[in-house]
Amino acid sequence: MTRIRLVLADDHPMIRAGFKTLLAQNDAFEVAGEADNGQELIKVVSSVRPDVTLVDLHMPGTNGLEAMEKLHAQFPSIKFIVLTMHEEREYVQKALKAGADGYLLKNIDREELENAIYTVFKGGKYFSPEITAILAESVARPSSTELAEITPREKEVLGLVAAGHSTKQIADQLGISIRTVETHRINMLKKMEVSNSAELIRKAFELGILGS
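Residues numbered from 1 in each chain as written. Predicted model: local features only at pLDDT ≥ 70, side-chain atom pairs only at ≥ 80, totals over all residues. Heavy atoms only, no water.

Draft legend 1. Helix H8 (residues 167-174), seen in detail. Of the positions making up H8, those classed as buried are Ile170, Ala171 and Leu174. The arc that holds every buried residue of H8, seen down its axis, measures 100°, which confines them to one face. Exposed side of H8, more than 90 degrees from the buried face: Lys168, Asp172 and Gln173 are the residues found there. Buried residues in H8 make contact with helix H7 (152-162) and helix H9 (178-191). Positive phi shows up at Gly175, right after H8, with a value of about 70°. (Buried < 20%, exposed > 50% of the residue type's maximum accessible area, 1.4 Å probe, protein only. Helix = DSSP H or I, 4+ residues; strand = E, 2+ residues; numbered from the N terminus. Arc of directions from axis to C-beta. Contact = heavy atoms within 4.5 Å.)

In structure tokens, the structure reads:
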């Protein structure tokens, strides 16, 4: 069995130790490196090249957001999950722009942490329930004339995509077919001139369709 290699970054040793203990209970995971500040995180990830990096937002010197943004640009295949106490929309928005694939609050349990790692490792998105609610509430707030072509239904689909729902879940929730969901997603990719869902979500935040 191929193990998922992880890097854990947090400036509090006891928090790192706690998460490391949780992760050690699953043989599918290997904590290949640790960091207690942003600069060290950049060095460790550059050396270790993990599959998934778990990163706190606030760390000394270069913070988690800055480090993640630099690493995402340099190593786009590495997945990033934010581990934080901050559930404000502003932080979620900045994290997604910086390249986060997941956003978790530190009060999560072992099962949710494992689910998040598996989900982003396979190319998906994962958010704590509180963050999912924030993302869902932030939809349908267009603030740019560039968004005039995005329809109300497309905005609904986009909000659910950003909240981490699968195509089937979106179809079931909106009472439409899977094919229709995919059609809406493809139309938005074309309208916003991006190539995948991650870029679509980030651009939607930048333009104001999500967040703000």
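Structure's up, so let's keep going.
Draft legend 2. Broad picture of the sheet that holds strand E3 (residues 52-55). One open sheet holds the six strands; their spatial order is E2-E1-E3-E4-E5-E6, and the pairing between them is parallel. Looking at the sheet topology across the chains shown, the edges are occupied by strand E2 (29-35) and strand E6 (126-127). As paired elements, E3 and strand E4 (residues 79-84) share four bridges and run parallel to each other. Directly across from Val55, in E4, lies its bridge partner Val82. Strand contacts of helix H3 (residues 64-74): E3 and E4, with the helix running at about 175° to E4, the strand carrying the most contacts. (Pairing = 2+ DSSP bridges. Axes fitted to C-alpha atoms, helices over the stretch in contact; angles between N-to-C directions.)

Draft legend 3. Structural context of the pairing of E2. The pairing of strand E1 (residues 4-9) with E2 spans six bridges and is classified as parallel. For Leu6, the partnering residue across the bridge sits in E2 and is Val31. Traced from E1 through helix H1 (residues 13-24) to E2, the parallel crossover comes out right-handed. (Right-handed = clockwise from strand over helix to strand, strands pointing away.)

Draft legend 4. Examining the environment of Ala100 more closely. The residue Ala100 is located in the loop between helix H4 (89-98) and strand E5 (102-105) in this model. It is 12 Å that separates the C-alpha atoms of Ala100 and Ala73, two residues lying 27 residues apart in sequence.

Draft legend 5. Local environment of the nonpolar core. One finds Leu41, Met68, Val82, Tyr103, Ile131, Leu135 and Leu210 to be the most contacted residues of the largest nonpolar core, which totals 53 residues. Here Ile131 is in contact with Glu87, Val92, Tyr103 and Leu105, once residues within four sequence places are set aside. (Core = buried A, V, L, I, M, F, W, Y, C linked by side-chain atoms within 4.5 Å.)

Draft legend 6. Just the environment of Leu96, in detail. Summarising the element assignment, Leu96 is placed in helix H4. Along the primary structure Leu96 and Ile201 are separated by 105 residues, whereas in three dimensions their C-alpha atoms are 7.7 Å apart. Contact partners of Leu96, with chain neighbours within four places excluded, come to Phe127, Leu135, Ile201, Arg202 and Phe205.

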